[in-house]
Each structure stands twice: as structure tokens, then as C-alpha cells.
Amino acid sequence: MTGLLVDTSGRAVTRRRGSGLTAAIRRSRKAQVGLVILLVFCIVAVVPGLFTSVRHPNALQFTPRLGPSGEHWLGTTSLGQDIWAQLVYGTRQSLVIAVVAGLFATVLSVLVGVTAAYLGGLPDDVLSMITSVFLVIPTFPLIIIFATYAGKSTLIVVLIVLVVTGWSYGANQMRAQMLSLRNREFLESARVRGERRTYIIFAEALPTMTSLIVAIFLGAALYSLLTAAGLQFIGLGDPDSSSWGTMLYWSESQSALQTGMPLWSIAPGLCVALLGVSFALINYAFDEISNPALRPVRRRHVKRARVRNT
Amino acid sequence: MRYVVRRLGFFALTLWVALTLNFFIPRFMPGNPLDALRARTHDRLSPAALEQMLTSYGFKPHQNIFVQYLEYLRNMFTGHWGISIGATLGEPVSTIVWQALPWTLGLVGVTTVLAFLLGSLIGVVAAWRRGGRLDSVLPPVFVVTSALPYFWVGLMLILVFSVWTHGWLPSDFNYDPDLLPEFSLGFIENVLKHAVLPAATILIASIGAWILTMRNNMITTLAEDYVRMGRAKGLSNSRIMTDYAARNAMLPNLSGFAMSLGFVITGSILVEYVFNYPGLGYQLYNAVQNTDYPLMQALFMLFTVAVLVALLVCDFAIAWLDPRVRATGSR
Amino acid sequence: MRRTKTIAAAVVSLSLLAAACTSATKKATSSSAANNPSGSVSTQPGSTAKASHKQGGTVTIVNVQGQTWSCQFNPFNPAVYAESLGFVYEPLVFVNLLNNAAETPMLASSYTWGPDKKSITFTIRDGVKWSDGQPFSADDVAFTFNLMKRVPATDLYSLWTGAGLQTVTATGNKVLLSFAKPAQPYFWYFADQVGIVPQHIWTTAAVAAHPDTWADANPVGTGPFKVSPCGPNNIQYVANPNYWQAGKPYIQKIVYPGYLDNGPGNRDLAGGKGQWGSQFIPNIKQFYLSKSPDNHTWSPPVTNVEIFPNLDPSHPQTSKLAVRQAISMAIDRNKVSQIGEDGQQPPANQTGIILPTFNMYYDASAVAAAGYDKPNVDKAKSLMASAGYSPSNPLKLTIITITGYTDWDASLAVIKQNLASIGIDLTVQDLAQQTFNSRLYTGDFDLAYYGEPTSGPSPYYELRQILYSKNTAPIGKSASTNYERYINPAVDALFDQYPSADSATQVSLIKQIGQAMLNDVPIIPTTESVDWFQYNTKDIAGWPTPADPYAQPAAFNFPDAGQVLLHLYSKSAQ
């Protein structure tokens with residue numbers, strides 16, 4: 001995640017192959033919007049104290065059920081907490097879940113996908129089978145069952161569950177990409193040179209797949225964010241914690257929408273949506289970058305040749 | 001043929017893995033049916049009575065675990081899914097499932113297929129009219145909608161169309177409780193009215209992904225040489241669009257559809273939860289909350305089978321559309 | 001969405017290991033206000049109020065189940081019996097918990113205790129018919145109890161095992177129950193909680209094989225209503241034309257939708273579509289009461305919600321009396337009630353006596369003398385200091401609770417804050433029901449937040465569950481209801497004396513037990529859990545009120561729901 005921040009501020013910092021990416025990002029408006037949103041959330045997560053004067057957002061210290069006002073920008077909950085403060089402090093956990101789970105899932109995807117493709121033969125068949133099985137088994141029911149039975153609904157459990165269920169999609173993509181790369185010349189030459197397999201994989205092949213890996217990461221982060229929010233919403237997270245999903249859980253159980261406190265429901269959901277959108281926008285921009293055919297077409301006043309029906 | 005065999009083999013293997021997981025997870029986690037039943041009966045019954053009740057409901061906790069496993073597999077396949085020990089203590093699981101199934105198929109199934117077809121169609125058209133107004137507006141809008149959480153879309157729709165309009169569109173249930181199910185116009189109208197918001201939620205939240213992937217695939221395909229060849233040959237636009245481009249662009253989309261069915265099920269569980277729609281997803285949530293082992297196991301198996309069947313159908317559709325697959329036996 | 005807990009407060013939970021023999025009894029039953037001292041009851045047929053209203057009208061009940069209806073009505077199935085007991089099946093005698101155990105004869109027109117209260121003879125009412133037209137007789141009563149012996153899974157109150165029931169015989173219009181030991185404390189169970197079932201239906205082959213799992217989709221009973229029809233979304237009841245109380249029930253139809261969630265249920269109540277609610281409605285003033293002048297609420301408290309500390313020596317901090325005293329003194333019960341329960345559950349007190357329901361057992365001066373009449377943070381701090389803790393050197397404790405009980409989570413949030421100010425760092429741990437239960441039963445906790453869904457006609461029932469030493473077990477084994485592992489022979493002796501004492505002595509015994517609660521602080525009650533009740537008076541009248549609490553008012557109380565239905569009438573039908 002911090003890698004992205006670095007990219008937008010200084011191209012020269014990256015020494016990886018494909019640094020033309022950063023220039024391309026700057027050109028794409030979608031990526032800019034996405035990155036700005038992400039940046040804002042990151043800042044809020046790191047220094048929440050800058051954005052609100054409340055230090056303990058879950059403490060019951062205010063009059064319950066107040067509407068929005070100068071003192072409480074989004075009003076207060078039915079227990080007497082400031083909604084804006086909860087929103088601000090909740091950013092950190094939601095962002096951490098998305099990024100950490102996304103990261104680990106990506107690492108797993110890359111490892112499995114690349115290994116399967118490069119080794120080929122029986123290891124490939126076995127790994128592909130495992131990947132497909134994980135892909136197909138409906139994960140949310142599994143998550144619900146697992147999260148319920150693990151008893152303590154702590155962060156670690158949620159993270160493990162997200163990683164275990166989120167890696168398979170990316171693994172398939174990595175494998176497909178690796179298969180197509182396997183016979184390219186630069187890899188062939190590395191093999192001829194006598195380089196070790198691990199070197200070839202990690203130092204030669206992977207760097208060319210950076211954009212795919214980033215795309216997989218963003219997809220995994222999005223998946224983790226939405227699934228974690230969903231889990232917390234239906235009550236399988238830790239109700240004592242501060243995160244957007246937990247806020248949604250509380251607002252739902254206190255019937256916020258029906259009892260005249262819609263902001264309590266709208267605000268955290270909107271934040272989840274915004275963060276998710278930022279991931280999606282950046283992802284979309286990466287699609288365009290890696291596939292030139294997708295780049296936005298400027299309308300030109302060129303007469304199109306009429307195709308006559310034969 | 002080889003392709004068919006391979007896919008069926010994969011189907012069987014995955015089903016077996018899912019069933020085995022399904023069998024072992026509850027048994028490795030804390031708690032057991034005896035405790036669950038004890039809590040359910042508020043501690044009133046003696047241990048002997050509880051054991052008798054459990055046996056009446058089909059549990060034989062002291063049996064060898066391997067024997068239990070084989071019996072479990074056999075029961076799953078023959079439809080002997082046992083009796084619920086959750087909040088609906090005593091009701092046969094199959095009754096609960098058959099009651100809930102048509103609602104999930106109707107709501108989630110129909111809407112998902114609709115979203116897929118509609119999304120693909122829009123994607124094709126958007127790609128075709130590259131650079132047009134449609135194409136510059138749609139992608140950003142749908143990128144946004146594809147990242148929205150299912151349940152939040154549901155909540156917002158409830159807020160706007162149900163709370164603010166004082167109940168113009170109902171936000172819960174599949175039909176009004178005081179109506180009796182029958183094939184009358186009034187009843188069907190009521191069912192449809194209750195289905196509008198949940199269906200809209202699924203549509204809004206999922207269509208974006210289809211539109212975008214289809215559009216991207218189409219654009220990539222349109223840049224291919226054979227399409228240019230078609231144009232050079234002088235074929236009509238619509239012909240190129242359907243026979244040349246769409247048909248090929250559809251393939252990765254179809255396989256993507258199959259892969260993402262797991263996510264669709266996730267979404268459906270959340271939607272049914274938000275709208276209290278008594279389908280399979282809602283029953284699964286309740287089963288887990290009430291530690292209702294028999295119901296949980298049956299539902300989990302059903303979900304897995306549903307995804308696998310859909311995957312199989314998609315695979316065969318791809319094989320039908322793409323002769324290369326038939327020839328080589330793999331993609 | 002997870003509903004907040006609705007406690008079937010009238011459900012009595014008899015301790016599984018209730019092995020304590022009550023000593024010989026020669027006392028009057030603990031009824032005061034209404035018609036029946038022990039023994040004879042007025043033989044006037046239909047001694048409930050005479051029919052004085054015209055029949056007609058429909059009542060819609062809002063009691064969220066979270067599940068669609070299974071359309072089973074077996075009175076021996078705890079998952080469904082609340083929809084059949086009272087509506088379709090009736091007990092021998094109705095005992096009103098809210099009015100000091102006032103009794104109303106139902107299927108038994110009178111009863112007499114035998115010597116030493118080891119046997120009881122019920123005189124069965126004449127002229128009662130089953131809803132299918134067949135005549136009702138004492139044989140059906142004997143059959144019901146003997147069925148419970150034959151199939152232990154139907155003996156929900158352990159009558160044949162724990163209560164010592166030995167024989168049940170019917171002669172003419174009388175039924176004799178003989179017990180191995182004095183059985184007065186069990187009267188509530190066998191006379192009020194058991195619904196009598198028809199022999200001619202339950203001896204048919206299909207049913208007799210598995211009476212505990214039989215669906216009983218078309219229940220035949222003596223009660224005021226019949227099921228007609230039932231679907232997954234709704235149960236509809238219609239008046240029983242063969243009902244033994246002439247001219248009753250006034251209400252002719254009941255609509256009982258199967259709500260999946262609180263939201264739609266509460267909305268129907270607020271809009272008037274439902275008239276009888278048994279819901280926890282958050283923000284009830286704005287959401288329900290303000291919507292119409294005909295909307296009312298009254299929720300009588302029946303049991304405690306409490307903190308169970310672990311008194312076993314293996315938990316040194318919670319077994320220190322000073323720590324427990326400090327906790328009880330620091331908690332602001334009013335605030336817990338206001339914020340955690342939206343003010344709808346009254347604050348509890350350290351004696352565990354439910355107020356105002358059991359006012360006569362309560363000693364206010366004792367509570368004040370012990371210092372528990374209002375929160376006292378300073379005294380709490382000094383108690384903590386004597387144990388070696390302070391806000392700068394806090395005691396870390398974990399409290400377990402059940403996931404999804406959001407009102408308890410909210411209450412614990414308040415408690416956590418209260419305790420932080422005296423030097424206790426409380427961590428709230430939400431567990432899945434299963435996990436919570438097993439840890440609670442086996443004593444694997446520092447503190448646990450729980451409320452037993454038990455009640456009975458006096459505080460004896462709940463307090464005995466919690467404090468009696470035979471209801472506990474060593475750490476690691478399953479305790480039946482005494483989770484905190486409290487063992488005090490002096491208190492045990494008080495409980496043992498209760499069944500054989502007369503009313504006045506009983507009151508004094510309970511007061512002494514209350515004093516033990518003040519002295520030993522074995523549990524820390526926080527709020528009093530209630531029978532949730534909302535009612536709409538636009539068309540329907542005859543509701544129970546604080547001035548006239550003729551029955552427990554929630555639709556999930558049984559058989560009280562039947563009593564309520566017998567009183568309700570439609571104004572427009574008059």
C-alpha cells in the first residue's frame with residue numbers, strides 16, 4: 001500500500017521494470033480519483049486524532065439519539081456515541097483488514113499460481129485441482145460456519161478466514177499468465193544461462209507481471225473489505241471493536257433506519273463503498289494500462305468508412 | 001468426450017471434498033448437539049430424556065466416526081437430511097429446504113442470470129460504440145457500482161423506497177403474512193411487489209462487473225485480426241458484432257461467471273438477511289446461529305452442488321461455443 | 001438481523017438435579033389475593049368472569065420468531081409449545097405469577113392436598129368437550145401424566161424423576177397424583193404448565209410410537225381456539241365453538257404472522273396492524289408510543305439479568321468478596337437500564353428480589369444498610385484498594401456474553417465504563433451461544449453475563465436455581481443452574497425449610513435469603529428482565545394492566561396467553 005503512495009509522488013523511486021506504469025497512472029483520471037480517495041483514508045487511519053476531538057469513540061459519553069449538529073457532525077448513536085468519531089476511528093481497522101488480508105491472499109495466489117505453472121505436470125494438476133476446489137466451494141457459508149464456531153470472533157480469525165477463502169481467484173490468473181510467459185525468450189535465455197529455477201521465477205518472470213499482481217492485490221483487498229464488512233454486519237465480528245462493519249451491526253440492531261437515525265447506517269456503509277470504489281478504480285486503471293486496447297478513446301472527427309452490406 | 005469426462009471428474013471430486021469438510025467442521029469445533037439441545041430445552045430435561053430425544057431425531061453420537069461418515073454420505077444423497085434441532089426443533093430438514101428453495105431460485109437465480117445477460121449485452125453494445133457518449137459514461141458508473149457492498153445497496157434501497165415513502169414498496173418477507181399462497185393474480189402481484197427491492201439490489205450490485213468484463217473482452221476481441229478481416233470482407237456490423245466478436249468475447253465471461261458464483265451466493269445470503277427473505281441463505285444464517293447441525297449440513301451441501309452444477313453447465317456451454325475446447329480437451 | 005433476546009419468562013426451569021427432598025409439608029399454598037387457599041376451590045362452573053360481551057373481532061399478534069412457522073403444535077416440543085399451550089391446550093389450574101400466585105381453576109374445578117402434601121386429588125370439571133366434539137374426562141388427565149412417564153422426552157418438568165411422582169390414577173371424575181415426597185413446590189409445574197392432551201388422539205398408532213416428535217399439525221384440545229389454517233408465514237386461529245366457557249372467547253379470530261425480524265414486526269405494531277405485541281422495541285417512545293394515543297406499553301419484570309462471578313478458589317480475584325462488593329456498588333443500574341435496555345427493563349437490586357412483582361419479599365432497609373441502594377463509587381474504590389487494586393493498578397477481568405444479544409452488549413458497555421472508574425479493566429467477550437453455554441456450565445469464566453429464563457410464583461424458584469448448592473458442580477463439570485459455584489449450607493437450609501413453612505414464614509425465609517445475597521454477593525443482578533408487552537386499545541379492550549394484572553401479558557407466556565385471550569373483546573362488535 002505504501003508502495004502506491006510512493007509511486008504517485010515520485011517516479012524515479014521505482015527501479016522495477018515497468019516503471020512506465022507511474023506515468024500511465026498520472027494520465028488516467030480514474031486512477032487519480034481512486035488514489036486520492038485511498039490517500040485520504042490512509043491519512044485518516046494513521047492520524048485519526050486530527051479529524052475529531054473525541055478520543056474514545058466507543059465510550060458512552062454523549063446524549064443519545066441527537067441529530068447532526070455543529071458539535072456532532074453526524075449526530076449520536078442510541079447509546080450516546082459520536083457517529084463521526086466512530087467513523088474516523090473505524091477507518092483504521094477496516095483499512096488494515098482490507099490491506100493485510102489482501103496482501104497475504106495475494107502472496108498465496110502468486111506462490112501457488114506461479115509454482116503450478118512453472119513446474120507443470122503432476123504438481124500443476126494437483127495445485128490446480130486444489131485451487132479449483134477452493135474456488136468453487138461457496139466460501140461465505142464456510143466463513144459463517146467457521147467464524148461462528150471458532151468462538152472468539154477476533155480480528156485474527158476474520159483475517160485467516162478471508163485469506164483462506166480469497167486466494168484462489170488470483171492463483172488461477174497468475175497461473176494462466178505464467179503459462180503464457182513460460183516459453184518466452186528472456187526466460188529461455190535465463191534457463192540456458194543456468195540460473196536456478198527460483199531465480200528465474202522471482203527475478204525474471206514476476207517483475208513482468210507486476211501489473212497483474214497489483215490487480216490481484218486490489219481485487220483481494222476489495223474482496224476482503226466487502227466480506228469483512230458483511231461478516232461484521234451480520235454480527236460475526238467483534239461487537240466491541242471499532243470498525244465500519246461493526247457500526248453497521250449496531251445501527252441495524254438498533255433499527256436506526258426506522259427510528260429516525262439513518263445517518264448511523266448510511267455513513268459507515270458509504271465509507272466501505274468509497275474505499276471499495278477506490279480499489280476498483282485503481283484496478284480498472286491498471287486494466288487499461290496493461291491492455292492498450294482498453295485505453296480511453298478520444299473522439300476524433302474522422303469519417304468512418306461505411307461498410308457496405310454485401 | 002475427454003473434456004466431459006474431465007469436468008465430471010472434477011465435479012465429483014469437489015463435491016466429495018465439500019461434503020467431507022461439511023461433516024468434519026462441526027465435529028471439530030466446540031460444542032455438540034447434546035449441549036445445543038440442552039440449551040434449546042432450557043435445561044429442563046434429564047440427560048436420559050435428551051439422549052432419547054436426540055436418538056428420535058436421528059443422532060447416534062456414540063457410533064464409530066467412520067460409520068457415521070458413511071451413513072452421512074448415504075443420507076445426503078438419498079435425501080434423508082434429518083430433523084432440525086434448531087429453532088424449528090422437530091421439523092424435517094427437507095421440508096425447510098423445499099420451502100425455501102423456490103424463493104432463492106426465483107429471486108437470486110433469476111436475477112443473477114438476468115444481470116449476467118443484461119450486463120453482457122450492455123457490455124457488447126458499449127464496446128461496439130467505443131468513444132461514444134455511452135462508453136464514456138458507463139464504465140466509471142459501473143466501476144463504482146461493482147464495488148458497492150450488497151447489503152449497503154439493500155439498506156439504501158430500503159431507506160429510499162420503503163422508509164421515506166412510508167411503505168410504498170415492502171422491505172421484508174416474500175409475501176404479506178396474511179395472504180394464503182395460491183395461484184391467483186393478487187397473490188402473484190404481491191410476491192412480485194415484495195421481490196422488487198431485493199432483486200434490484202442484486203441487479204445493481206452485480207451487473208457492473210459483467211458489463212465491465214464483457215466490454216473489456218469485446219474491445220480486446222475487436223482489436224483482433226480476424227475481426228478486421230471480417231470488416232475487410234464487408235460483413236455487416238451486426239454480423240461482426242454477434243458472430244465474430246461477441247461469441248468469442250463471451251467465453252472468458254462465461255467462465256468468469258461460473259467462477260464468481262461463490263461470490264453470488266455470498267451476496268444472496270446478505271440480501272436475504274437484509275430483506276428477511278426466507279430463502280436458503282436466510283435459513284443457513286439461522287441454522288448457524290441456532291447451531292442446527294442437520295440443517296446446516298444440508299444447506300452447505302446444496303450450495304456446493306448448485307455452484308458445481310452451474311459450473312458444469314457453463315463448461316458445457318463453453319464447449320459448445322468454442323470448438324477449440326472440444327478438440328484439445330482443455331482450455 | 002439478530003433479535004434481542006425475548007425471554008419466555010413464564011417458562012419454568014426445574015433443576016435437573018433437584019434432588020433436595022423437601023421436608024414434610026403442612027402448609028397452605030402461597031396464594032393470597034384471589035379465591036383459593038389450599039384445598040377446596042369454588043365449584044362454580046366457569047368461575048372466570050361470566051361472559052359479558054358480544055363475540056366478534058380479530059386480534060393480530062406481533063411476536064417475532066425469526067423463523068417461519070413449522071406448523072407443528074405438539075405441546076411437548078419446547079420449540080413450538082408456546083403456540084399451542086393456552087390457545088388450544090389448557091392446564092388444570094391457572095396460577096398467576098404476577099398476583100402472588102392467584103389461582104383460577106381451569107380443567108380442574110377444585111383440588112385437595114393429601115396428608116403431608118405427598119398427594120393431590122383434582123376434581124375434574126364436568127361438561128368439557130374436546131374441539132373435535134368428544135367428551136373430556138379425568139381419563140385424559142391421567143393419560144397425559146402417564147404418557148410423560150412412558151416417554152421421558154415428554155416429561156419436560158422431570159415430574160416422574162425430579163419431583164418424585166409415583167402414580168397417577170383416574171377414578172370417576174377425580175385424578176390422584178401420588179408423590180414420594182412433599183410436592184407443593186411442584187404445583188406450578190403439574191397444575192399450570194402441563195397442557196392436557198386427548199387420549200383418543202394420542203393413543204392412535206402413529207402418534208403413540210413417537211409422541212415427542214409428532215408434528216400435531218391439527219391440534220385437538222379443550223382450549224378456546226382451533227388452528228385453522230397454518231402456513232409458513234402465518235398461523236390463524238378461530239374460536240372453538242365447543243368451548244366450555246359459554247359465550248367465550250369473545251375474539252373470534254387470531255392472526256399470528258411468522259415475522260422473521262424485529263423491523264417489520266415493530267412497524268406493524270406502530271402502524272396498528274398488530275394489536276398485541278411482545279417485542280423489544282428500541283426507542284419505543286418515538287417509534288411506537290408517539291404514533292397513536294391508542295398505543296400503550298407495560299412490561300412486568302419477572303427475573304433477573306445478572307453478572308455471574310466465579311466463586312471457585314481457582315479464580316482468586318472474583319472469589320474475593322471485596323471485589324464483588326465493589327463491582328455491585330460501582331454499577332449504575334439506572335444508567336444500565338436507561339441506555340442498555342432503553343429504559344424498558346427496570347434496574348435490579350442486590351437482593352435479587354424482583355420489584356414490584358414480589359414486593360412483599362423485599363426489605364428496603366436491609367438493602368440501604370448494606371449500602372447497595374445507590375451507586376457508591378468512593379466506597380467501591382476503597383474496597384478495591386483493600387484488595388490491592390486501583391485505577392492506576394487495575395484488575396483485569398473478562399466477562400463472557402452471547403453474540404447477538406445487543407441489549408446485553410449495550411448494558412455491558414455501560415458497566416465497563418462504571419468499572420473502569422474504580423480500577424477494573426473489563427474486557428467483553430462475545431461468544432457463540434454454544435461456546436458460551438459450555439463455558440458457563442463448566443465454570444470456565446471470570447465473569448459471565450446471563451439471565452436464566454426461569455420464573456415462578458415467588459422468588460424461591462429463581463433464587464433456588466441460582467443459589468442452591470445441589471445445582472452446582474465442580475469446575476470442569478456441567479453445573480445445571482448454579483454457575484457461580486456458590487456453596488453455603490446455611491442458605492441451603494433456608495431453601496429446604498421453604499416448602500413446609502406457612503406463608504408468613506416463607507416470606508421471612510426469602511428475606512433471609514435476600515440478606516445472604518447482600519452479605520455474600522454471590523451474583524450481581526443488574527436489570528430485571530420483563531415480559532415484553534405492547535397493546536393497542538383502538539378496537540380491542542380487556543388487556544391486563546398494572547392495576548389489573550390478571551395474567552402475564554406477553555404472547556409467549558403460557559398458558560397465560562390463553563387467559564388474556566379469554567378477557568379480550570372487540571369494541572366494535574359490541
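Above this text sits the structure in question.
What counts and how
Residues numbered from 1 in each chain as written. Chains lettered and ligands numbered in written order. Predicted model: local features only at pLDDT ≥ 70, side-chain atom pairs only at ≥ 80, totals over all residues. Helix = DSSP H or I, 4+ residues; strand = E, 2+ residues; numbered from the N terminus. Rg over C-alpha atoms; globule rule 2.2 N^0.38 Å. Buried ≥ 20, exposed ≤ 12 C-beta atoms within 10 Å, placed from the backbone. Contact = placed C-beta atoms within 7 Å. Nonpolar A, V, L, I, M, F, W, Y, C, P; charged D, E, K, R; others polar. Pairing = 2+ DSSP bridges. Axes fitted to C-alpha atoms, helices over the stretch in contact; angles between N-to-C directions. Left-handed = near helix turned anticlockwise from the far one by under 90°. Core = buried A, V, L, I, M, F, W, Y, C linked by C-beta atoms within 7 Å.

A. Structural detail: the overall build of chain C. Tallying secondary structure elements over chain C gives 16 helices and 20 strands in all. Taking 574 residues into account, the globule formula puts the C-alpha radius of gyration at 25 Å, and chain C, at 24 Å, falls close to it. The dimensions of chain C, computed from C-alpha atoms along their principal axes, are 75 × 55 × 45 Å. By residue count, 62% of the 574 residues in chain C fall in the buried class.

B. View of unusual backbone geometry. Residues and elements named next belong to chain C. Here the bond from Lys 248 into Pro 249 is cis, since omega is 0°, no more than 30 degrees from zero. Note the cis peptide between Phe 558 and Pro 559, where omega equals -5°. Inspection of the secondary structure puts Pro 559 in the loop between strand 19 (540-541) and helix 16 (560-567). In the Ramachandran plot, Asn 100 falls in the positive-phi region, its phi being about 50° despite a non-glycine side chain.

C. Region of the structure containing the interface of chain B and chain A. Each partner contributes to the interface: chain B provides 48 residues, whereas chain A provides 47 residues. Of all the secondary-structure elements, those providing two or more residues to the side of chain B that touches chain A are helix 1 (2-28), helix 6 (133-146), helix 7 (150-163), helix 8 (185-222), helix 10 (237-259), helix 11 (261-275), helix 12 (280-289) and helix 13 (293-321) of chain B. Broken down by element, the residue count for the side of chain B that touches chain A peaks at seven residues, all from helix 13 of chain B. When its residues are assigned to classes, the side of chain B that touches chain A shows 35 nonpolar, eleven polar and two charged.

D. Local environment of the environment of Leu274(A). All names here are of chain A. Inspection of the secondary structure puts Leu 274 in helix 13 (residues 262-290). Using a count of 17 C-beta atoms within 10 Å as the deciding quantity, one classes Leu 274 as partly exposed. Considering only alpha carbons, one finds Leu 274 and Asp 238, 36 residues apart in sequence, at a separation of 23 Å.

E. Highlighting the pairing of strand 10 (residues 253-257) of chain C. All names here are of chain C. When strand 1 (residues 58-62) meets strand 10, the two strands line up parallel, connected through three bridges. By the bridge assignment for strand 10, Thr 60 is matched with Val 255. Pairing analysis gives five bridges linking strand 9 (residues 234-239) to strand 10, with the strands arranged antiparallel. Directly across from Asn 234, in strand 10, lies its bridge partner Pro 257.

F. Region of interest: the packing of helix 12 of chain B against helix 13 of chain B. All names here are of chain B. Running from amino to carboxyl end, helix 12 crosses helix 13 at an angle of 145°, the nearest separation of the two axes being 9 Å. Handedness of the crossing formed by helix 12 with helix 13: left-handed. Of the residues in helix 13, those in contact with Leu 280, Gln 283, Leu 284, Ala 287 and Val 288 of helix 12 are Leu 295, Met 296, Leu 299 and Leu 302. For the contact of helix 12 with helix 13, the residue count by class is eight nonpolar, one polar and no charged.

G. Structural context of the environment of Leu254(B). For Leu254(B), the position within the fold is in helix 10. Given 18 C-beta atoms within a 10 Å radius, Leu254(B) is considered partly exposed.

H. Focus on the nonpolar core. One finds Leu225(A), Leu299(B) and Ala448(C) to be the most contacted residues of the largest nonpolar core, which totals 343 residues. It is helix 4 (residues 83-119) of chain A that provides the largest number of residues to this core, a total of 18 residues. In this structure Leu299(B) touches Leu280(B), Gln283(B), Leu284(B) and Ala287(B), once residues within four positions along its chain are discounted.

I. Representation of the pairing of strand 1 of chain C in the model. Residue and element names in this part refer to chain C. The buried fraction of strand 1 amounts to four of the five residues, a majority that puts the element mostly inside the structure. Sheet analysis places strand 1 next to strand 11 (residues 276-277), joined by two bridges and oriented parallel. Note on strand 11: the bridge partner recorded for Ile 61 is Trp 276.

J. Examining the sheet that holds strand 5 (residues 119-124) of chain C more closely. Residues and elements named next belong to chain C. Reading across the sheet, the four strands line up as 4-5-7-6 and stay open at both edges, with antiparallel pairing between neighbours. Here the strands that pair on one side only, and so sit at the sheet edges, are strand 4 (108-113) and strand 6 (165-171). The sheet shows a mean angle of 15° between the axes of neighbouring strands, taken without regard to direction. Direction of pairing for strand 4 relative to strand 5: antiparallel, over a ladder of five bridges. Counterpart to Trp 113 in the pairing with strand 5 is Ile 120. Those strands touched by helix 1 (residues 138-150) are strand 5, strand 6 and strand 7 (174-179), and its axis lies near 160° from that of strand 6.

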